[in-house]
Amino acid sequence: MNPRIGESAGLLSRRDFALKAALAAAGAAIAPTALGAAPGLLTDLANLEAQSPPSTPLSAEDQAQVEARASAILRKYGERLSLEQKDEIRRLSTELQKPLIRLRAYPLDNSSQPATVLKLVSDAKPAPAKPSRRGVKPHDAQ
Amino acid sequence: MMLSDDVLYLPVSELGRRLRARKLSPVILAESYLARSERLNPQLNAYVTLTRDLALEQAHAAEKEIGAGHYRGPLHGIPYAAKDLLAVKGYPTTWGARPYANQTFDYDAAVVERLNRAGAVLIGKAAMIELAGGMGYRFASASLTGPAKNPWNEGCWTCGSSSGSGAIVSAALAAFAIGTETWGSIICPSGFCGISGLRPTFGRVSRYGAMALAYSLDKIGPMARSAEDCGLILAAIAGHDSRDRSSLSEGEAKFEIGLAASSPRLRVGRLTNAWKKCDPEIAGAVDDVFDALKKHVAAIEDAELPAGPFDEVAGVIISVEGAAAFRDLIESGKVAELADPLGRVAGYVNEQIPASDYIRAQQVREICQEGINGIFDTFDVIAAPTLPLAASTLDTNLEKNLSFPDPLGAIGNLCGLPGISVPCGFTSQKLPIGIQLVARCGNERAVLAAANLYQQLTDWHTRRPPIS
């Protein structure tokens, strides 16, 4: 990620919001297309990221959110996770906080409408029958 | 008799002409692609399933119909592959993931129905990244069938999630393939594999019968050898479908062949902020594209994408919608069966994203739409390198080394914009380079016209990988 954005996120206006932080660990979780590079270029990009100043620590409030999130996951699913996976959950919970901070810093007001629109159904025709899926459902599968 | 590589690498447009004129047999064409696929698939991991029986049944039907003078159109008798998240009656639809390895559906996806009506011949189900990457992934091996290998260099990846579709078209294992994109999954494999791939406007192609990853972002589109082919295929698969809640009205969804925008009038925006850093070889190849086009279009000028946290917005929306789409898988613990270590845990984290953040992301999305729409008052298409890098090696840790901002991908997908990637050169390591062209919603004609113009001026799209 580009820590400069994190540092000043609270002050950024819509216009000023600088170009993107790299999607880091949780980014790969939330960005289905983590991208690849040829070996020769890998070094260049890795160096580019390394040239950025170190990441700003999370505020106490953000850290508390991270811990609450990780605790909720471990409370619910901890029994099925290995120690390594629990560490991964904590790391991903931390990484997730960074894009959330940037998103929350974006100025919006009460009249900012979301891109979720109710599609009204105005005719009386029944909805088409939903075809069935056969075979093994994931929770029954081995 | 098996057909030569020269025939198997022909574009759909030319295969169609030969089939219509009965200079080519649909059965022999299907047999030839099947034989090539059976021979090369173990090398490339491009298919999950070959549908030999169905392919031959459809090819024989096409031969009979064309012979009787009943020609359905440019896809009649043309062999293709469908990404394995599209339901095909009677065959497994694995979604690329072990928990769904035995899943079958008793109906065809809408896009398969449409291709059936067009007389196309289904050769097989294309390999893919598990769940189209919906639970996250760190390695190219995140697939039920292992890493798809790039025909240009088998030590390199095809990109994902339409990984098999990219390899299949690139290696001429079928004449075209159907891919899907939530964020980059058509554009990236098209770039890495040196083929032409079209991401249609959101809602133009019905997703009925397709695995859902992110309900407000998923799209289905063609991957082929040329922009012209992409247009032919789009015309067959586009159209309203009441079974898909996001389907556009028939007037908006329909795409007709032969209505391409006039290229001399095209205004092209050369994006200056699509990538933070770009390999100089790739930047040079894309500069050459603008040089080639400048005498043939109305204008080429610098353009800038609007600034905003759009990568983050797209990420949050995909994460939340993906966690909802695969809630059963996450809660049951069956995510543990996924191939990728990141995929086994990321869903647990994504489930925890607050609803208020999801709605906030949807609010910023509206602002993003306003911002990008304004650019298209000045430009018909905006263009940038498809990717700032060429294909990665198979063992690259994608999360650690290669996650970087992709504002054009984020904005293009958040706003449902059509985009195409077409090949425009090679690196010194002989890996394909691509350029992507993006237009306003509904204006596939502009991206197809610009890409088609470029392909008339150059021959990069006709190059073949060193595999036979």
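All values reported here derive from a predicted model rather than from experimental measurement.

1. Remarks on the overall build of chain B
Argument step 1. Of the regular secondary structure elements, chain B holds 17 helices and 14 strands.
Argument step 2. Expected size for 468 residues packed as a compact globule is a radius of gyration near 23 Å; at 20 Å, chain B falls within 12% of this value.
Argument step 3. Across its three principal directions, the C-alpha atoms of chain B cover 60 × 60 × 45 Å.
Argument step 4. The contacts of chain B with a sequence gap of at least 6 include a subset with a gap of at least 24, amounting to 79%.

2. Side note on the overall build of chain A
Argument step 1. Along the backbone of chain A there are five helices and one strand.
Argument step 2. Listing the helices and strands of chain A from first to last along the sequence gives α-α-α-α-α-β.
Argument step 3. Expressed as a percentage of its 142 residues, the buried residues of chain A come to 33%.
Argument step 4. Residue pairs in contact within chain A that sit at least 24 positions apart in sequence constitute 68% of those at least 6 positions apart.

3. Description of the confidence of the model for chain A
Residue and element names in this part refer to chain A.
Argument step 1. The share of residues in chain A with pLDDT of 70 or more is 46%, and the mean pLDDT across the chain is 65.
Argument step 2. Mean pLDDT values for the elements of chain A range from 28 in helix 1 (residues 3-8) up to 97 in helix 4 (residues 60-77).
Argument step 3. Taken together, the stretch residues 1-53 has pLDDT below 50 and engages in 153 contacts with residues farther than four places along the chain or on a different chain.
Argument step 4. Confidence drops under pLDDT 50 across residues 135-142; counting only partners more than four residues distant or on other chains, this segment forms 18 contacts.

4. With respect to the pairing of strand 6 (residues 153-157) of chain B
Residue and element names in this part refer to chain B.
Argument step 1. Two elements, strand 5 (residues 149-150) and strand 6, share two bridges in a ladder whose sense is antiparallel. Note on strand 6: the bridge partner recorded for asparagine 150 is asparagine 153.
Argument step 2. Hairpin connection of strand 5 to strand 6: two residues between the antiparallel strands.

5. Concerning helix 4 (residues 52-67) of chain B
Note that an α-helix has 3.6 residues per turn; residues three or four places apart therefore point the same way.
Residue and element names in this part refer to chain B.
Argument step 1. Between the first and last C-alpha of helix 4 there are 22 Å, a value that for 16 residues agrees with the 22 Å anticipated at 1.5 Å per step.
Argument step 2. All of the buried residues along helix 4 are Ala55, Gln58, Ala59, Ala62 and Ile66. End-on, the buried residues of helix 4 take up no more than an arc of 105 degrees, which puts them together on one face. In this structure, helix 4 carries Asp53, Lys64 and Gly67 as exposed residues pointing more than 90 degrees from its buried face.
Argument step 3. Elements in contact with the buried residues of helix 4: helix 2 (12-20), helix 3 (26-44), strand 2 (79-83) and strand 4 (121-126).
Argument step 4. Looking one or two places after helix 4, you find glycine 69, whose phi comes out positive at around 85 degrees.

6. Observations regarding unusual backbone geometry
Among all residues save glycine, negative phi is the norm, and among peptide bonds the norm is trans.
Residue and element names in this part refer to chain B.
Argument step 1. Glycine 160 connects to serine 161 through a cis peptide bond whose omega is 5 degrees.
Argument step 2. Assignment of secondary structure puts serine 161 in the loop between strand 6 and helix 6 (163-170).
Argument step 3. A positive phi angle, near 55 degrees, is found at alanine 172, a position not held by glycine.
Argument step 4. Mapping alanine 172 onto the fold places it in the loop between helix 6 and strand 7 (176-181).

7. Points about the nonpolar core
Argument step 1. By size, the foremost hydrophobic cluster in this structure holds 188 residues, and its most contacted members are Tyr80, Ile123, Val381 and Ala450 of chain B.
Argument step 2. Every residue in contact with tyrosine 80 of chain B, bar those within four places of it in the chain, is listed here: Leu115, Ala120, Val121, Leu122, Ile123, Ala174, Ala175, Phe176, Ala177 and Ile178 of chain B.

8. Some thoughts on the confidence of the model for chain B
Argument step 1. Chain-level pLDDT for chain B is 96 on average; 99% of the residues reach the 70-or-more range.
Argument step 2. The ipTM value of the predicted complex is 0.91, and its pTM value is 0.90.

9. Considering the pairing of strand 11 (residues 299-303) of chain B
All names here are of chain B.
Argument step 1. Across five bridges, the pairing between strand 10 (residues 267-271) and strand 11 is parallel. Within strand 11, the residue paired with valine 268 across the bridge is isoleucine 300.
Argument step 2. The parallel pair strand 10 and strand 11 is bridged by helix 10 (residues 280-293), and the resulting crossover is right-handed.

10. Observations concerning the sheet that holds strand 13 (residues 419-426) of chain B
Residues and elements named next belong to chain B.
Argument step 1. Ordered in space as 1-4-2-7-9-8-13-14-12-10-11, the eleven strands form an open sheet in which the pairing is mixed. Here the strands that pair on one side only, and so sit at the sheet edges, are strand 1 (47-50) and strand 11. Pairs of neighbouring strands in the sheet enclose a mean axial angle of 30 degrees, with direction left out of account.
Argument step 2. Those strands touched by helix 16 (residues 407-414) are strand 7, strand 10, strand 12 (381-385), strand 13 and strand 14 (432-439), and its axis lies near 40 degrees from that of strand 14.

Conventions adopted
Residues numbered from 1 in each chain as written. Chains lettered and ligands numbered in written order. Predicted model: local features only at pLDDT ≥ 70, side-chain atom pairs only at ≥ 80, totals over all residues. Helix = DSSP H or I, 4+ residues; strand = E, 2+ residues; numbered from the N terminus. Rg over C-alpha atoms; globule rule 2.2 N^0.38 Å. Contact = placed C-beta atoms within 7 Å. Buried ≥ 20, exposed ≤ 12 C-beta atoms within 10 Å, placed from the backbone. pLDDT = per-residue confidence, 0-100. Pairing = 2+ DSSP bridges. Expected span 1.5 Å × (residues − 1). Arc of directions from axis to C-beta. Core = buried A, V, L, I, M, F, W, Y, C linked by C-beta atoms within 7 Å. Right-handed = clockwise from strand over helix to strand, strands pointing away. Axes fitted to C-alpha atoms, helices over the stretch in contact; angles between N-to-C directions.

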